[in-house]
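# Observations on the model geometry
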Amino acid sequence: MHGSEDQEFLALERELSVFLRRARASSGEMARALHPELEPAAYGLLVRLEAAGRQRATELAAYFGVGKATMSRQLRALEVLGLVAREPDPADGRAFLVGLTEEGRERFLRVRGARREQYMRKLADWDRGEVAELARLLNQLNSGEE
């Protein structure tokens, strides 16, 4: 691609850069609201565990595209804070499943509700179909990364 053909991709890169920077800042705020000692990346882990249920650390690492050591460190921190718990995997006694604790779920749902209200305010002028289309396109982009 050359010249004007690149403009769409340059515009995409620019807008995604701004979006990602703001999303990181927002995740940091959400993480601190959930627990003052929670690191920003951990909020996404809680989102995944709430949506998908209990999972092995290796599944979470693969989903997020991070190494096992990184995932283990993040899960250990969440466990110390009482937000997640490990239990033996009934399908494989050598493995563990990680899931939200009741406290973790309650805190997460409260903070997620506040975040949803922020989205609703920010996108109040958008048609619901546009919101759905944005979600669909982001899902398509995220699915391409797996």
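Residues numbered from 1 in each chain as written. Predicted model: local features only at pLDDT ≥ 70, side-chain atom pairs only at ≥ 80, totals over all residues. Heavy atoms only, no water.

### Focus on the pairing of strand 2 (residues 92–100)
Defined as follows: Pairing between strands requires that DSSP locate at least two bridges from one strand to the other. The helix and strand labels rest on DSSP assignments: H or I over at least four residues marks a helix, E over at least two residues marks a strand, and numbering proceeds from the N terminus.
Two elements, strand 1 (residues 84–89) and strand 2, share 6 bridges in a ladder whose sense is antiparallel. If you follow A85 over to strand 2, its bridge partner there is G99. Between strand 1 and strand 2, which follow one another and run antiparallel, lie 2 residues.

### Quick notes on the side chain of Q55
Using the following cut-off: Here a residue-residue contact requires only that any non-hydrogen atoms of the pair lie within 4.5 Å.
Summarising the element assignment, Q55 is placed in the loop between helix 2 (40–52) and helix 3 (57–64). Ignoring any residue separated from it by four or fewer positions in sequence, one finds Q55 in contact with R48, L49, L60, F96, L97 and V98.

### Focus on the pattern of salt bridges
For clarity, the threshold we go by: The term salt bridge refers to a side-chain nitrogen of Lys or Arg lying within 4 Å of a carboxyl oxygen of Asp or Glu. Partly exposed residues are those whose accessible area sits between 20% and 50% of the maximum for their type, while under 20% is buried and over 50% is exposed, using a 1.4 Å probe and protein chains only.
Under the definition given, this model contains 11 salt bridges. One salt bridge in this structure joins R56 and D89, with 2.8 Å as the shortest N-O distance. On the criterion of sequence distance, the pair formed by R56 in the loop between helix 2 and helix 3 and D89 in strand 1 is long-range, its members being 33 residues apart. In this structure R56 comes out as partly exposed when scored by relative accessible area, which is 26%. The exposure class of D89 is buried, given its relative accessible area of 9%. In this structure, the salt-bridge partner of R86 is E79, at a minimum N-O distance of 3.5 Å. By relative accessible area, R86 is classed as partly exposed at 48%. By relative accessible area, which is 31% here, E79 ends up partly exposed. Ionic contacts of the salt-bridge type, sharing partners, join the residues R56, D89, D92 and R94 into one network.

### Observations concerning the packing of aromatic side chains
Keep this limit in mind: Only rings of Phe, Tyr and Trp enter the pairing, Trp through its six-membered ring, and a pair is recorded when the two centres are within 6.5 Å. The plane angle decides the type: under 30 degrees is stacked, over 60 is edge-to-face, the rest tilted. Sitting over a ring, as applied to charges here, requires NZ of Lys or CZ of Arg to be within 6 Å of the ring centre and within 35 degrees of the ring normal.
Under the criterion given, the structure shown has 2 aromatic pairs. When the centroid spacing of 5.0 Å and the interplanar angle of 90° are considered together, the rings of Y63 and F64 count as edge-to-face. Given the relative accessible area of 38%, Y63 is considered partly exposed. Its end group placed over the ring of Y63, R48 keeps NZ or CZ at 3.8 Å from the ring centre. Sitting above the plane of the F96 ring, R86 keeps its charged end 4.6 Å from the centroid.

### A word on the packing of helix 2 against helix 5 (residues 102–122)
How two helices pack is summed up by the angle between their axes together with the distance between the axes. Spelled out, the test is: In this analysis, axes come from line fits to C-alpha atoms, helices being fitted only over the stretch in contact, and the angle between any two N-to-C directions falls in the range 0 to 180 degrees. Relative orientations are named as follows: roughly parallel for angles under 35 degrees, roughly antiparallel for angles over 145 degrees, roughly perpendicular for angles from 65 to 115 degrees, and oblique for any other angle. All residues other than Ala, Val, Leu, Ile, Met, Phe, Trp, Tyr, Cys, Pro, Asp, Glu, Lys and Arg, Gly among them, are scored as polar; the first ten of these are nonpolar and the last four charged.
Put simply, helix 2 and helix 5 touch, their axes get as near as 11 Å, and they point 105° apart. Classified by the angle between their axes, helix 2 and helix 5 sit roughly perpendicular to one another. Between helix 2, through Y43, L46, V47 and E50, and helix 5, the contact on the second element is made entirely by R105, F108, L109, V111, R112 and R115. Among the residues making up the contact of helix 2 with helix 5, the classes are represented as 6 nonpolar, no polar and 4 charged.

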